[in-house]
Amino acid sequence: MHQPALPRCGEPADPLAATGGPLLVTASFPAVAERSGGAFTGTVTVEAGAHPVSGVVSPEADVYVTRGGTVVATPLVKDLLGVPLDILPGATQTLGATGSLRACAAAGHPSPDDALPPGAYDVYAVVAVTDDAGGTTVSTGGPWSLTVV
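Below or above, wherever it landed, is the structure these notes cover. Just so you know, the residues in each chain are numbered from 1, in the order the chain's sequence is written. Totals for whole chains, interfaces and linings use all residues, but because this is a predicted model, local features are given only for residues with pLDDT of at least 70 and pairs of side-chain atoms are given and counted only at 80 or more. Note that the side-chain values use all heavy atoms of the structure and ignore hydrogens as well as water.

Some remarks on the overall build of the protein
Numbering of helices and strands runs from the N terminus; a helix is a DSSP stretch of H or I covering at least four residues, while a strand is a stretch of E covering at least two. Each helix and strand in the protein was counted, giving one helix and 10 strands. Sequence-ordered secondary structure for the protein, helices as α and strands as β, is α-β-β-β-β-β-β-β-β-β-β. With the radius of gyration taken over C-alpha atoms, the globule rule is written as 2.2 Å times the number of residues to the power 0.38. Whereas a compact globule of 149 residues would reach a radius of gyration of roughly 15 Å, the protein reaches 15 Å, a difference of no more than 12%. Residues counted as buried form 36% of the 149 residues belonging to the protein. Think of it in three bands: with a 1.4 Å probe and only protein chains considered, a residue is buried below 20% of the maximum accessible area for its type, exposed above 50%, and partly exposed in between.

Rendered as structure tokens:
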């Protein structure tokens, strides 16, 4: 099972960059997002590798935003029911993905939820699959470039 310890706000993004897991994760996000919008949307496509993958996933992938190798925006809170994932090797399934443009609270960051400052960022997607036995595997993808204006 691939189960990296996912980073929290202000932590290094290294676990996100260690792309892996039972699924290949690719995404389509806008190249530019307006900070006043508070969020950006895209899609994440997961592809089974050499083995079939079955379980339950969120219909929305988790999205992390980083700058300079540090997590600056964490996944938005979701209240969603899981959807079945049952794909054979080489098959794909597409999920929604919404990323936050609000700064997360970290030690020394006194103003959580402020809009991210304009500039260049990296985006990572995370998809967790829970199998019938209750085990969870995590697959990550990225980085994809995002310019906040």
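Some thoughts on the packing of aromatic side chains
Describing an aromatic ring pair means giving the distance of the ring centres and the angle of the ring planes. Think of it this way: a Phe, Tyr or Trp ring, Trp meaning its six-membered ring, pairs with another when their centres are within 6.5 Å, and the plane angle makes it stacked under 30 degrees, edge-to-face over 60, tilted otherwise. Throughout the structure, instances matching the rule amount to two aromatic pairs. Ring centres 5.6 Å apart and planes at 75 degrees place the aromatic pair Phe29 and Phe40 in the edge-to-face group. Of this pair, Phe29 sits in the loop between β1 (23-28) and β2 (32-33) while Phe40 sits in strand β3 (residues 39-48); the two residues are 11 residues apart in sequence, bridging distant segments of the chain. You can call Phe29 buried: its relative accessible area is 15%. When the ring of Phe29 is compared with that of Trp144, the centres are 5.9 Å apart and the planes differ by 55 degrees; the resulting orientation is tilted. Taken together, the residues span a long stretch of sequence, with Phe29 in the loop between β1 and β2 and Trp144 in strand β10 (residues 136-148) at a distance of 115 residues. Following the ring pairs from residue to residue traces out a cluster consisting of Phe29, Phe40 and Trp144. Only lysine NZ and arginine CZ atoms are considered, and such an atom sits over a ring when it is within 6 Å of the ring centre and within 35 degrees of the ring normal. In this arrangement the basic side chain of Arg67 is found over the ring face of Tyr121, its NZ or CZ atom lying 4.6 Å from the centre.

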